[in-house]
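Examining the three-dimensional arrangement
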Amino acid sequence: MARPLDHAKRAQLLADVVGYIAEHGLADLSLRPLAAELGTSSRMLIYYFGTKEELLVQALATQHPGFSSLFSGISDRDGLRAGLEELWTSTTRGESSVSTKILLQVMGVASVQRGPFADFATSAIHTLIDAVADAMVRCGISTRHSRDSATVAVSGLRGILLDRLVTGDAARTDRSASRLIEHVVAE
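One structure accompanies this document, and this report is about it. (Residues numbered from 1 in each chain as written. Predicted model: local features only at pLDDT ≥ 70, side-chain atom pairs only at ≥ 80, totals over all residues. Heavy atoms only, no water.)

**Brief notes about the overall build of the chain**
Rule in force here: For the purposes of this entry, the term helix denotes a DSSP run of H or I that reaches at least four residues, the term strand denotes a run of E that reaches at least two, and both are numbered from the N terminus. Between buried and exposed lies partly exposed: a residue is buried under 20% and exposed over 50% of the maximum accessible area for its type, with that area taken using a 1.4 Å probe on protein chains only. Note on contacts: a residue pair is in contact if any heavy atoms of the two residues lie within 4.5 Å. Areas reported here follow the Shrake-Rupley algorithm with a probe of radius 1.4 Å; residue values treat only the protein chains shown as occluding. Only four residue types enter the tally: Lys and Arg on the positive side, Asp and Glu on the negative side; His and the chain ends are excluded. A charged residue contributes its charge at one atom only: NZ of Lys, CZ of Arg, CG of Asp or CD of Glu.
Scanning the chain from N- to C-terminus turns up nine helices and zero strands. The N-to-C order of helical and strand elements in the chain reads α-α-α-α-α-α-α-α-α. Dimensions of the chain, computed from the C-alpha atoms along their principal axes, are close to 60 × 35 × 30 Å. The proportion of buried residues among the 187 residues of the chain is 42%. The long-range fraction of contacts in the chain, counting pairs at least 24 apart against all pairs at least 6 apart in sequence, stands at 63%. As presented, the chain carries roughly 10000 Å² of accessible surface, and 53% of it is formed by carbon and sulfur atoms. Once the 19 positive and 21 negative side-chain charges of the chain are each reduced to a mean point, those two points are 3 Å apart.

Set out below in structure tokens:
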């Protein structure tokens, strides 16, 4: 008879996997080194999660940042500007920065292979774009253009963030993010 899952241990493993991905990256992730780092075996990881892909998807799901909530009560352009600035700050300096780094890795993998991360990445993209577009409509930005403008804001900030992570140039990327935010809010 199989023993029941230890849900506390499972939750701890998911948190530890997120830490491992943040430190070692996702591209060359293999179960054996991951398990060794976590103090368990690859067989136990399979027992808890079924497959490596399912383990990663479940770990990533714990990191789905609630950025869309930043835009829920916004009804004017000053609020939109503040929401976009908070989005930028939280992805670069806040506790969400680890989640964002992991999301960028997942998006990179999802862009070259339709695999277990494609749905996760697509959902993350649409959730934030929808939240920003809805806020833009409440601010009086044309419904016809709100999704396009939200895409410019979200994808533009994501691109600037990727630039920052690669180059380490915080001053230039902060200025660029501010310019993008001002452009989007002024539409």
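The rest of the description comes next.
**Comments concerning the nonpolar core**
Applied cut-off: Definition of nonpolar core: a set of buried residues of the types Ala, Val, Leu, Ile, Met, Phe, Trp, Tyr and Cys, connected through side-chain atoms within 4.5 Å.
By size, the foremost hydrophobic cluster in this structure holds 31 residues, and its most contacted members are V17, L34, L45, L55 and V106. Of all the secondary-structure elements, those providing two or more residues to this core are helix 1 (7-24), helix 2 (31-38), helix 3 (42-49), helix 4 (52-61), helix 6 (97-112) and helix 7 (118-138). Aside from chain neighbours lying at most four places away, what touches V106 is L26, L60, F117, F120 and A121. In terms of nonpolar packing, the next biggest core, distinct from the first, is built from 28 residues, M136, A177, L180 and V185 among them.

**As for the packing of helix 3 against helix 4**
We count it as follows: Comment: axis = line fitted to C-alpha atoms, over the contacting stretch for helices; angle = value between 0 and 180 degrees taken between N-to-C directions. Between 65 and 115 degrees an angle is taken as roughly perpendicular, under 35 as roughly parallel, over 145 as roughly antiparallel, and anywhere else as oblique. With the far helix as reference, a near helix turned anticlockwise by less than a right angle produces a left-handed crossing, and one turned clockwise produces a right-handed crossing. Ten residue types, Ala, Val, Leu, Ile, Met, Phe, Trp, Tyr, Cys and Pro, are classed as nonpolar, four, Asp, Glu, Lys and Arg, as charged, and the remainder, Gly among them, as polar.
Closest axis-to-axis distance for the helix 3/helix 4 pair is 9 Å, and the angle between their directions is 65°. As the angle between them shows, helix 3 and helix 4 are arranged roughly perpendicular. Of the two possible hands of crossing, helix 3 and helix 4 adopt the one that is left-handed. Every residue of helix 4 that contacts helix 3 at L45, I46 and F49 is listed here: K52, E54, L55 and Q58. When its residues are assigned to classes, the contact of helix 3 with helix 4 shows four nonpolar, one polar and two charged.

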